[in-house]
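Chain and residue survey
Read off the chains here:
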Amino acid sequence: MKIIHLISGGDTGGAKTHVHSLLQNLRHTIDIMLVCFMEGPFAQEARDLGIPTMVIPGHSLPHNYRILKTMIKKEKYDLIHCHGARGNMLGALLKRGTGLPVVSTVHSDYRLDYLGRPFSRLTYGPINTLALRAIDYHIGVSDAMVDLLISRHFDPNKMFTIYNGLDFTPRTANVQRAEYLQSVGLDADDESVVVGIAARLNPVKDIATLIRGFAIAHEAHPQLRLLVAGDGDQMGMLRELAAHLGIAQYVCFTGWISDTDSFYEAIDINTLTSLSETFPYAITEGARMALPTVSTNVGGIPYFIEHGINGFLFDPGDAGALAEHLSALAESAALRQSMGQRLYEYGKAHFSLESTLNRQLAIYDAILRRQTRGNRRDGALVCGAYGRGNAGDDAILEAIVTELREIDPDLPIWVLSRNPSSTRQTYRVDSMYTFAAPVFLSRMKKTTLYINGGGSLMQDVTSRRSLWFYLFTIWAAKRCGNRVMMYGCGIGPIRYPANRKLAHRVLQDSVDAITLRDVLSKKELEDMGVTRPDIVLAADPTVILPAAQPQVIDGLFEREGLDPDKRYIGFALRPWQGFDEKAAVFAAAAQYAYEQYGLVAVFLPIERRLDVSAAQKVAACLKTPYHIVENTGSSAHTIGLFSRMQITVAMRLHALVFAAGQGVPLVGVVYDQKISSFLSYIGQDLYTELDALTEQALKTHIDLAYARVGDTEFLSNSVSRLRMLERHNQETVGALLQTEADHA
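The following paragraphs examine the structure supplied in this document. (Residues numbered from 1 in each chain as written. Predicted model: local features only at pLDDT ≥ 70, side-chain atom pairs only at ≥ 80, totals over all residues. Heavy atoms only, no water.)

1. What about the sheet that holds strand β3 (residues 53-55)?
Read from one edge to the other, the open sheet built from seven strands follows the order β3-β2-β1-β4-β5-β6-β7, with strand pairing classed as parallel. Looking at strand neighbours, the two that pair on one side only are β3 and β7 (159-161), the edges of this open sheet. Between one strand axis and the next, the sheet turns through 25 degrees on average, direction left out of account. Here strand β1 (residues 2-7) pairs with strand β4 (residues 79-83) via four bridges, running parallel. When the sheet's bridge partners are listed, Ile-4 is paired in β4 with Ile-80. Sheet strands touched by helix α3 (residues 61-75): β1, β2 (31-36), β3 and β4. Its angle to β1, the strand with the most contacts, is close to 165 degrees. Along the sheet, helix α4 (residues 84-98) makes contact with β1, β4 and β5 (102-106), crossing β4 at roughly 155 degrees. (Pairing = 2+ DSSP bridges. Helix = DSSP H or I, 4+ residues; strand = E, 2+ residues; numbered from the N terminus. Axes fitted to C-alpha atoms, helices over the stretch in contact; angles between N-to-C directions. Contact = heavy atoms within 4.5 Å.)

2. Comments concerning helix α9 (residues 235-244)
Each α-helix winds once per 3.6 residues, and so residues spaced three or four apart point in a common direction. When α9 is considered as a whole, its buried residues turn out to be Met-235, Leu-238, Leu-241 and Ala-242. Within α9, the buried residues cover an arc of 125 degrees as seen down the axis, which keeps them to one side. In α9, the exposed positions that point more than 90 degrees away from the buried face belong to Glu-240 and His-244. Looking at the packing, one finds that the buried side of α9 touches α8 (207-220) and β10 (251-255). (Buried < 20%, exposed > 50% of the residue type's maximum accessible area, 1.4 Å probe, protein only. Arc of directions from axis to C-beta.)

3. Some remarks on the environment of Ser-676
With respect to the helices and strands, the residue Ser-676 is situated in helix α26 (residues 673-681). Since its relative accessible area comes to 14%, Ser-676 is described here as buried. With 283 residues separating them along the chain, Ser-676 and Asp-393 place their C-alpha atoms 19 Å apart. Discounting chain neighbours no more than four positions away, the residues touching Ser-676 are Val-670 and Tyr-687.

4. Topic: the pairing of strand β6 (residues 137-140)
Burial along β6 is two-sided: the residues Tyr-137 and Ile-139 and His-138 and Gly-140 are all buried. As paired strands, β5 and β6 are joined by four bridges and run parallel to one another. Each bridged residue has a counterpart across the sheet, and for Thr-105 the counterpart in β6 is Ile-139. Pairing analysis gives three bridges linking β6 to β7, with the strands arranged parallel. Opposite Ile-139, over in β7, you have Phe-160 as the bridge partner. Each parallel crossover has a hand, and for β6 linked through helix α6 (residues 143-151) to β7 it is right-handed. (Right-handed = clockwise from strand over helix to strand, strands pointing away.)

5. Some points on the sheet that holds strand β23 (residues 626-628)
A sheet is described by the order of its strands in space; here six strands give the open sequence β23-β22-β21-β24-β25-β26, paired in parallel fashion. With one partner strand each, in any of the chains shown, β23 and β26 (687-689) form the two edges of the open sheet. For this sheet, the mean inter-axis angle between neighbouring strands, taken without regard to orientation, is 15 degrees. Note that strand β25 (residues 666-670) and β26 share three bridges and pair parallel. Each residue of the ladder has a partner; that of Val-669, found in β26, is Thr-688. Contacts from helix α23 (residues 608-619) reach β22 (600-603) and β23 within the one sheet, and its direction differs from that of β23 by about 160 degrees. Its contacts with the sheet place α26 against β25 and β26, and it is angled at close to 150 degrees to β25.

Here it is as structure tokens:
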């Protein structure tokens, strides 16, 4: 593999570090050439690092284009990789001139690159924007940068994420803590808790907010000290601010430092107060030293730091929130240690230099593979009840996308969603509004596979119009030339004769394969006379989704104010006809679980806008401890919370699926046949109809479920059966995709 990199050569800061670090290590694996358009420190440092480097001086774009076009063809490069405006301009031109794929790494918001330079903003700014639009593929240096590009309608299917990698190999500081603090002039002792920041002293880093927040925290915690490492034009102003706030003797400005290892070894809390960032090295540097970190919630930082789990986040400029977080860390050495260790483990796994290098090589491989697909008809369109804030439906989409990408990592994916912008950013797929018929019909003429995606879409209990809509999309997809699959779904009940007749006709004539999550759904298809599609018993696709890592789950509990080592019973309830009359029954059962087994009730919503209110009605009747989690977060977080329950009592199907996949004993409360059908399907027998639910019946089921807590054989058999059945979803869709590939 031969890659040519184009960059202006005047770059500094994070972009320079990223490119130098990446190419220094890539050169050992692939053939690379770095081309700069000016001589200077950037090019010379690259040479010193052993990076093959050449400089093409001059500002004539046509001249540089001709030289590069000739060189690229002569040396037979495979791919052009651009960085920055100058590189992007030439890359966009060379795309047509050479026929090679072109990728640009976007290191910063291109709309802000020329702030304070009006002429350049009016000239280079628009040209760079046009060049970026013309380039085939884009790499964002953080998930936040990718989100930004996707929000500006860059194609998610041609987008990649990479992070600034750091060598997490343990290092020994050149100078020990006490000696270092003394050398820089900070008055600190063994009892001091040293807050530190390494940043340029300019307005965007907003060090003034750090000083104000520190002053507030110091008033309550006089053991706090502040070490500011960096230089810049705000030095004088910041010194005056510290003096004005009466904390000058507790704040030390070191100026520019080169010995970062000793700096990070000397501090106890790492901070960043920037107004804007992509993904700063200061965060990974602190993580490498296992430092608890308090940072503004900007750029790619929230993709590294989970608030309250492995660090604290606050809004830019909010000195009061910063002070609260500094105070919490000042009060507890144990909290500092646990947060720092979690950040270190996460950073080492995801942001190490090795992972960055592997990621970059994988990106190159993906781009070169995708070029071979050409412009033929390609891709999958997925339709379901997505973008409505239901954790179960969102988990179905996540599972389907995951399995499609396991089969074909280069498959373009489009999704119909009620919230297309959120779906694009969350799942890195293209998305269109669910009911934008002209748009999705046009897309159906270009895709090869249509997926009616999971859940209970084929029913007319909640809505006849939704059934008609989903049947229409299936019919239209087949007429537009797609293979059609219904993926891990539930069928029924379809009550109205006209709807059953319509469903029979559409499914019989337009569907190639149906995978089902329960036996009752198969019977419903048989009763409707649907026989032509391949019908396969599978499982709900969400059972493949993993729980978050144990240390992350611990952090989730701590963030909710819960002890991760205590024992809990989970409730996942939903408002339904007759629920209000049963709220006291659920409360009595929760109280019984606490008094009999020491299990604290935790209410976990699947659809937040509905389920929290149901939990509050039950909680209002409780006299024992309980906790309502108002937002369970991502699928991994939600599943992780369920994994720590001793028992799960649920009306929500996906609460039962999540818990079952983690081997948690289940008690179902049936408001819809899909609940009893699922539980029977996996060999679980503890469920009662909502309208027949009594206090004694629910208590008895809790007793029986609790007896299964230690029955690892029974629980593991259920989990194994679920995951074995779920493979049928992936096998079926894989066969359909392979058939299309054979025809292409």
